[in-house]
Amino acid sequence: MARLKNKIALVTGAASGIGAAIAEAFVDEGAHVILTNIDADAGETVAAKIGAEFARLDVACEADWDGVAARFPVLDILVNNAGITGLESSLEGPPPAHDPENALLANWRAVHAVNTDGTFLGCRYAIRAMRPRGAGSIINISSRSGLVGIPLAAAYAASKAAIRNHTKSVALYCAEQGLAIRCNSIHPGAIMTLMWQPMLGNGPDRAEREAAIVADTPMRRFGEAGEVAAVAVLLASDEATYMTGAELSIDGGILAGSSGRPG
């Protein structure tokens, strides 16, 4: 059964990782998917591969969102997935400091521009685009880092916490407006995507590196992007019409208790 048949869905930052997995799962469930990304070449390639429509979008740019709104004025599903850690420069050299003592204000703002502002602009667009039908599903990708402190990635953690809270504000606002527009957040833990590649490498010790990273995760493994996509499909579908303002953790159990390992 196509659980998203005839629904129009837009997924941001969907050229790779979790976003690509969600976009593909939505296509498989019958949705017309608008795959967006700041990298047009990568986005167009993935969109063509999975049967989605592509639109270039810098989520931190209000003018880009205005362009998307003009092109797609009606929407059923939005996934605010695009995000950065602020540590991406580690692929080319030492990453900038992101601890509370040494982080530069410019670097702090750069992370919040994409993660926090991008989510705000996406939610604003979605509410307006869903209002004509009076219903819809907004799914914000937060993080485990939005629920706990991350000393060396303070801007990222703060931005993901902001996404968590804004999700609830949007959910309440829509309900008070008499709209069946739902807004929920997903909080992934360690999910195996390209962002982990610099830390894992391809050497003979890769398996040991993986094990060390998830040593405190009760399930003792990385999650897969498809596992996050499966939850997004549920939230996007009409099976979850009484869920709004909720937060769902996909973290192998790490937030279920202390860091103590199961026996």
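Worth saying up front: this structure is predicted, and the values here are computed from it rather than measured.

Draft legend 1. Quick look at the packing of aromatic side chains. Counted under the stated rule, the structure contains one aromatic pair. Residues Trp65 and Tyr125 carry aromatic rings whose centres are separated by 5.6 Å and whose planes lie at 40° to one another, so their mutual orientation is tilted. In this pair, Trp65 sits in helix α3 (residues 62–71) while Tyr125 sits in helix α4 (residues 105–130), placing the two residues 60 residues apart along the sequence. Neither residue differs from the other here; Trp65 and Tyr125 are each classed as buried.

Draft legend 2. Seen up close, helix α8 (residues 225–236). With twelve residues, α8 extends 16 Å from end C-alpha to end C-alpha; this agrees with the ideal 16 Å at 1.5 Å per step. Among the residues of α8, those classed as buried are Ala225, Val228, Ala229, Ala232, Val233, Leu235 and Ala236. For α8, the angular spread of buried residues about the axis comes to 165°, placing them on one side.

Draft legend 3. Looking closely at the pattern of salt bridges. Applying the stated criterion across every chain yields a total of eleven salt bridges. Note that Arg3 and Glu239 form a salt bridge whose closest N and O atoms lie 2.8 Å from each other. Highlighted residues: Arg3 in the segment before β1 (8–11) and Glu239 in the loop between α8 and β7 (247–250), separated in sequence by 236 residues. Accessibility expressed as a relative area gives 27% for Arg3, which makes it partly exposed. Linking Arg164 and Glu247 is a salt bridge whose minimum nitrogen-to-oxygen distance equals 2.8 Å. You can see Arg164 sitting in helix α5 (residues 154–176) and its partner Glu247 sitting in strand β7, a full 83 residues away along the chain.

Thresholds applied
Residues numbered from 1 in each chain as written. Predicted model: local features only at pLDDT ≥ 70, side-chain atom pairs only at ≥ 80, totals over all residues. Heavy atoms only, no water. Phe/Tyr/Trp six-rings, centres within 6.5 Å; stacked < 30°, edge-to-face > 60°. Helix = DSSP H or I, 4+ residues; strand = E, 2+ residues; numbered from the N terminus. Buried < 20%, exposed > 50% of the residue type's maximum accessible area, 1.4 Å probe, protein only. Expected span 1.5 Å × (residues − 1). Arc of directions from axis to C-beta. Salt bridge = Lys/Arg side-chain N within 4 Å of Asp/Glu carboxyl O.

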